[in-house]
Amino acid sequence: MDILWLGVFALLLIGYFALEGFDIGIGMLLPVLGRTREERDRLVAGMAPFVLAGEVWLVAVAGVLFGAFPHLEGETLFALYPLVVGLLVSWVIRDAGLWFRRRLDGRAWRAFWGGALCAGSYGLALTWGLALAALVQGGPVLTPLGVGYAAVVVGVFAIHGRRFAAWRAGGPGRTGRALLGSAALAAVPVAVPLAVAAPWLLDHVAPSGTLRVLTLVILPCVPVMVAAQVWVWRAFGRRARAGVGARVPSFF
Amino acid sequence: MDVLDLARAQFAVTGVLHFLFVVLTLGLAPLVAIMQTRHVITGKPVLERMARFWGQIYVINYALGVFTGLVMEFQFGLSWSGLSRYAGDVFGAPLAVETMGAFFLESTFLGLWIFGWGRLPRWLHLACIWLVTLTAYASAYWVLVANSFLQNPAGAEVRGDHLVLTDFGALLTNPTLVFALPHVLGAGLFTGSSVIIGASAYQLFRRTREWEFFVRSLRVGVVGALVGILVTVGFGFAQFGPVGQIQPGKFRGAAVGTSLGFMILIGELALFGVLFVLTPLLFRDWLARWRWIHPLLMLVTPMPFIAAILGWLVREIGRQPWIVYGRLTVKDAMSPGLTPGMITASFVAFTAVLGLLAVIDYVLIARTVRRGPAAATLGAPGQPDPAAPSSPCHPQAAF
Ligand code: HEM
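Notes on the structure follow. What you see as residue numbers is a count from 1 along each chain, following the sequence as written. Just so you know, chain letters begin at A and ligand numbers begin at 1, following the order they were written in. Selection of residues for local features in this predicted model requires a pLDDT of at least 70, selection of side-chain atom pairs for listing and counting requires 80 or more, and totals for whole chains, interfaces and linings are taken over all residues. Only heavy atoms go into the side-chain values, all of them from the structure, while hydrogens and water stay out.

### Re the overall build of chain B
This is how it is decided: Comment: elements are numbered from the N terminus, with helices defined as DSSP H or I runs of at least four residues and strands as E runs of at least two. Contact criterion: two residues are considered in contact whenever any of their non-hydrogen atoms come within 4.5 Å of each other. When charges are counted, neither His nor the chain ends are considered; positive counts come from Lys and Arg and negative counts from Asp and Glu. Every charge is mapped onto a representative atom, which is NZ of Lys, CZ of Arg, CG of Asp or CD of Glu.
Along chain B, the regular secondary structure elements total 15 helices and 4 strands. With the principal axes as the frame, chain B shows a C-alpha extent of 65 × 65 × 40 Å. Restricting the contact set of chain B to residue pairs at least 6 apart, pairs at least 24 apart contribute 83%. Averaged over its 26 positive side-chain charges, chain B has a centre that lies 14 Å from the centre of its 18 negative ones.

### A word on the packing of helix α2 (residues 37-68) of chain A against helix α6 (residues 144-169) of chain A
In a pair of packed helices, the angle between the axes and the distance between the axes together describe the arrangement. All names here are of chain A. Stated formally: Here an axis means a line fitted to C-alpha atoms, over the contact stretch when the element is a helix, while the angle between two N-to-C directions is reported on a 0 to 180 degree scale. An angle counts as roughly parallel when it lies under 35 degrees, as roughly antiparallel when it exceeds 145, as roughly perpendicular when it falls between 65 and 115, and as oblique in every other case.
Relative orientation of the contacting elements α2 and α6 amounts to 100 degrees, with a least axis distance of 10 Å. Judged by the inter-axis angle, α2 sits roughly perpendicular to α6. Judged by residue contacts, Leu43, Gly46, Met47 and Phe50 of α2 engage Phe164, Ala165 and Arg168 from α6.

### Here we look at the coordination of the iron atom of the ligand
Residues and elements named next belong to chain B. Note the cut-off: Any N, O or S atom lying within 2.8 Å of the metal counts as a donor, and for Na, K and Ca the limit rises to 3.2 Å; water is left out, so some sites can look incomplete. Geometry is assigned from donor-metal-donor angles: four donors are tetrahedral when every angle falls between 85 and 135 degrees, four are square planar and six octahedral when opposite donors sit over 155 degrees apart with all other angles between 65 and 115, and any other arrangement is irregular.
At 2.1 to 2.3 Å from the iron atom of the ligand lie its protein donor atoms, namely His183 (NE2) and Met263 (SD). Angles of 82 to 179 degrees at the metal separate the 6 donor atoms of the iron atom of the ligand, which places the site in the octahedral class. Linking His183 in helix α7 (residues 180-205) with Met263 in helix α10 (residues 254-278), this pair joins segments that are 80 residues apart in sequence.

### Examining the pattern of salt bridges
Note the threshold: Salt bridge, as used here: a side-chain nitrogen of Lys or Arg that lies within 4 Å of a carboxyl oxygen of Asp or Glu. Summary of the burial criterion: residues with accessible area below 20% of their type's maximum are buried, those above 50% are exposed, and those between are partly exposed, where the area comes from a 1.4 Å probe applied to protein chains only.
Tallied over the entire structure, the rule returns 11 salt bridges over all chains. Arg94 of chain A serves as the salt-bridge partner of Glu55 of chain A, at 3.2 Å between the closest nitrogen and oxygen. A residue pair is termed long-range when its members are at least 10 positions apart, and Glu55 of chain A in helix α2 and Arg94 of chain A in helix α4 (residues 81-101) qualify at 39 residues. In this pair, the class of Glu55 of chain A matches that of Arg94 of chain A, namely buried. A salt bridge links Asp285 of chain B to Arg219 of chain B; the shortest N-O distance between them is 3.3 Å. Highlighted residues: Asp285 of chain B in the loop between α10 and α11 (286-289) and Arg219 of chain B in helix α8 (residues 211-238), separated in sequence by 66 residues. On the basis of relative accessible area, Arg219 of chain B is assigned to the partly exposed category, the value being 37%. It is possible to trace a salt-bridge network through shared partners that takes in Glu20, Glu55, Arg94 and Asp95 of chain A.

### Examining the packing of aromatic side chains
What counts here: Two rings from Phe, Tyr or Trp (for Trp, the six-membered ring) form a pair when their centres sit within 6.5 Å of each other. Planes less than 30 degrees apart are called stacked, planes more than 60 degrees apart edge-to-face, and all others tilted. Charge-over-ring placement is defined geometrically: NZ (Lys) or CZ (Arg) within 6 Å of the ring centre, and within 35 degrees of the ring normal.
The final tally for this structure, using the stated rule, is 45 aromatic pairs over all chains. A centroid spacing of 6.1 Å and a plane angle of 45 degrees characterise the contact between Tyr58 of chain B and Tyr62 of chain B, whose relative ring orientation is tilted. Highlighted residues: Tyr58 of chain B and Tyr62 of chain B, both in helix α2 (residues 45-79), separated by 4 residues, approximately one helical turn. Judged by its relative accessible area of 3%, Tyr62 of chain B is buried. The structure contains a cluster of three or more aromatic residues connected by ring pairs, namely Trp99, Phe236, Phe251 and Phe252 of chain A together with Tyr58, Tyr62 and Phe115 of chain B. Lying over the aromatic face of Phe251 of chain A, Arg103 of chain A brings its terminal NZ or CZ to 3.6 Å of the ring centre. Stacked on the ring of Phe205 of chain B, the Lys or Arg Arg291 of chain B has its end atom at 4.6 Å from the ring centre.

### A word on the site of the ligand
All names here are of chain B. Definition in use: Proximity is defined per residue: any heavy atom of the residue falling within 4 Å of a molecule or strand makes that residue near it. Between N or O atoms, a polar contact is any pair within 3.5 Å; within protein, one atom must be a potential hydrogen donor and the other a potential acceptor, and residues adjacent in sequence are included only when both atoms are from side chains. Lys, Arg, Asp and Glu make up the charged group, whereas Ala, Val, Leu, Ile, Met, Phe, Trp, Tyr, Cys and Pro make up the nonpolar group; the residues left over, Gly among them, are polar.
In the vicinity of the ligand, 26 residues are found, and the nearest of them are His183, Gln239, Lys250, Met263 and Arg315. Take Lys250: an N or O atom from its side chain is 2.8 Å from an oxygen atom of the ligand. Of all the secondary-structure elements, those providing two or more residues to the shell around the ligand are α7, α8, α9 (240-246), α10 and α13 (303-317). A per-class count over the shell around the ligand returns 17 nonpolar, 6 polar and 3 charged.

So, to be careful, I would describe these as geometric facts and stop short of saying anything about function.
As structure tokens, this is what we get:
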């Protein structure tokens, strides 16, 4: 049971990096990849249907942390206080950029929320890098290693975002396999610390009574969760691009 | 203010902001789902336009519910790590189920609904909004399970220095939960309906060109408000029984007593108004035709929001000084080592960002109402969207 919940936790966190990594990457690269407003609109519209289904992985991470590792929840979040606050603020600003950008047509409005999307995405990547490094070192929130690690996270997310944009645009060599490759790359910066921290995590798992209840209630939801995620990729993946839907303007 | 006051104020401010948006989400979701269902069955275009227009308002509102919810979820660890140390083995479970079994699905299905207009088969697209509604209600249930545990730590036992879960069934059927859930869901339905009534009244008062659209919307709003307020008031009074037994003297303090009094006043006036004025005036659409009544309807739209906030103030202030009633005080639950600098900085950051975004969100909602259904962009078929990806060049390279 302990191993099962460690596995769930690891899977969700890795899933988050693989699935949100490209959204964050595109957000960071928005001014670079999108030179004109139309290009930026196209980039954001390309990632839009995947964002909601991607960021929920992190919400689930927090939930599992609370449910299956309750003592770590308080300890680690508090130890990383400024980084968690920074991560949350970045997350909210990134999402606000997405939700608000296309609500009005004005040039300045779009530019402002495009900027929020970009800045929030950088904030997310950087705070993740710093937080992971601080966790592994078990120490202060700002170290040279942390800064280096943050740069690594920014780098892999940027690569992943670029791959995703290319995959959406289509073209020779821009295959799903290439995208899977960059997804794996994006997951490495979190998979390594997870592997290192596994014994420590196992030490802090909730008692078996709690885990039994969680397993009982959540296990039946898992097939639905998986099905919903697969549905998103089938509905908005490359095969589904033509048709009536192409004439509905993207909401984000 | 000391650190404890600041930490409490931070939680209260994010909590109030969160519920202002969540209460509308809870109410609009089923109403939009019903509109879309009627469209799919009858094929009437006006019903589809209603689902898109009110759906757009629902979606704009949803965004802030998520932003504030994220901040709330993490605040437990940031400010109240003593709570997870003492009660995490019990309290964490419902929150974990909420995120995985409810919110995860709600958000995924909402994405499918928002971006699935014109892409998904009609019935599957309809299923999405019903799944969103269902999971939103499930979310409300699990959050209230967690909150009710704080009101009345049922199903748990003290072992050593912390609580352990002994009876999951008791946790799920907590007496402080069973009447609060319908009270809150009723309040949501009443709030969502009030927004539809107020917005429709605004358009009708301005002699809208969309007469049929807003007369129909007004009818949906009044019926929803009738059901909502009956459930709210009924289960509101029903709450006095269990609360009186479990938390005697809860309503005695001045702040709690006043809040409770105002909530009940709003609830009873609303019940009277909906039952004896709005519902009868649906006859021959008098409510839509009598323009003098429309400004009044606009004016009372904020009332359910106010009542809902007062309700939470009653429930939460009433249990002070406890965070887990009778077991752990708020003071003891605060993260040890939390400094005034930390809490002030995060308080300012969260409040500034969320407050600003909340104001912008309401302006966007008001603007959507003002511009009317013709300008709704959610699911609007139109020109080929230059932003939509073009047809596939390499269909074999699918993911
Ligand atoms: C005659 C009308 C009403 C009565 C008798 C009533 C009664 C109550 C009581 C006794 C509580 C506190 C329960 C506790 O401390 O555990 C409460 C809470 C609450 N009320 Fe009301 N209420 C009424 C109307 C309303 C209205 C109109 C709304 C909003 C539209 C509302 C929203 C809430 C909310 C959100 C809570 C907090 C959650 C809960 O405890 O259910 N109430 N109400």
